[in-house]
Amino acid sequence: MLEESPLTMIAHVIQLAVAPVFLLTGIGGILAVMTSRLGRIVDRARVLEEQTPFNAAHQDRTQKELATLSHRAQLISVSIGLCTVTALLVSSVIAILFLGSFLTFDASLAVALLFVAAMLAFIAALLSFLREVFLAIASLQIGKR
């Protein structure tokens, strides 16, 4: 049986690392959407806070909307945090794949556990994001003003 050359071994590890790298790209895209939503929530809250002293007639409604925006910001912050944890775990998977290959130790258990942890964090992030979207839709005031 022919021994594997170092170049072939590196190429194989790179092939194994490509799928997690694509996953990181997707997570980055979702993080961009989430940070954009957080920015819009913060901008809307600032506008409402500036209007509150001048708009005493609608102060109750404004306070309710600010409370909803605060809850939405908390949910989206949790989502961003969990997506960041996911990205860190996936990055760790990639690093361990390379280390396991070069230091010749069995990294399969570590890789599997980190990947499962990454997917659980990602699921939790998406659930929190979905909750924030539902809350945003429920708080719509189209045609009610």
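Here, every reference points to the structure presented above.
The rules behind these values
In every chain, residue numbers begin from 1 and rise along the written sequence. Owing to the predicted nature of the model, reporting of local features is limited to residues with pLDDT of at least 70; listing and counting of side-chain atom pairs is limited to 80 or more, with chain, interface and lining totals taken over all residues. Water and hydrogen atoms play no part in the side-chain values, which are based on all heavy atoms of the structure. For this analysis, a salt bridge means a side-chain nitrogen from Lys or Arg found within 4 Å of a carboxyl oxygen belonging to Asp or Glu. Only runs of H or I of at least four residues qualify as helices and only runs of E of at least two qualify as strands under DSSP, and these elements are numbered from the N terminus. Each residue gets one of three labels from its accessible area relative to the maximum for its type: buried under 20%, exposed over 50%, partly exposed in between, using a 1.4 Å probe on protein chains only. Between N-to-C directions, angles cover 0 to 180 degrees, with each direction set by a line fitted to C-alpha atoms, over the stretch in contact for helices. Here is the rule for angles: anything less than 35 degrees is roughly parallel, anything more than 145 is roughly antiparallel, 65 through 115 is roughly perpendicular, and the remaining ranges are oblique. A crossing counts as left-handed when the near helix is turned anticlockwise from the far one by less than a right angle, and as right-handed when that turn is clockwise. Every residue pair with non-hydrogen atoms within 4.5 Å of one another is taken to be in contact. By this rule the span expected of a helix is its residue count minus one, scaled by 1.5 Å. Two axes enter the definition of the bend at a residue: one is fitted to the seven residues ending there, the other to the seven starting there, and the bend is the angle between them.

(A) Layout of the pattern of salt bridges. Scanning the model with the defined rule gives three salt bridges in all. Among the ionic pairs, Arg 37 bridges to Glu 132, the shortest N-O distance being 2.8 Å. Remark: Glu 132 occurs in helix 3 (residues 108-138) and Arg 37 occurs in helix 1 (residues 6-51); sequence separation between them is 95 residues. By relative accessible area, Glu 132 is classed as buried at 0%. When the shortest N-O distance is used, the salt bridge between Glu 132 and Arg 72 registers 2.7 Å. Here the residue Glu 132 occupies a position in helix 3, and Arg 72 occupies one in helix 2 (residues 59-102), the gap between them amounting to 60 residues. A residue is classified by how much of its surface remains accessible, and Arg 72, at 13% relative accessible area, is buried. Via salt bridges that share partners, Arg 37, Arg 72 and Glu 132 belong to a single interconnected network.

(B) Representation of the packing of helix 1 against helix 3 in the model. Two elements in contact, helix 1 and helix 3, have axes separated by 12 Å at closest approach and are oriented at 30°. It follows that helix 1 is roughly parallel to helix 3 by the angle criterion. You can see that helix 1 and helix 3 cross each other, and the crossing is left-handed. On helix 3, the residues touching Leu 23, Ile 27, Ile 30, Val 33, Met 34, Arg 37 and Ile 41 of helix 1 are Phe 115, Met 119, Phe 122, Ala 125, Leu 126, Phe 129, Glu 132, Val 133 and Ala 136.

(C) Highlighting helix 1. With 46 residues, helix 1 extends 66 Å between its outermost C-alpha atoms, agreeing within 8% with the 68 Å of an ideal straight helix rising 1.5 Å per residue. Along helix 1, the sharpest kink reaches roughly 30°, centred on Val 18 and followed within four residues by the proline Pro 20. Within helix 1 the residues assigned to the buried category are Val 13, Ala 17, Pro 20, Ile 27, Leu 31, Met 34, Ile 41, Ala 45 and Leu 48. In the core, the buried residues of helix 1 are packed alongside helix 2 and helix 3.

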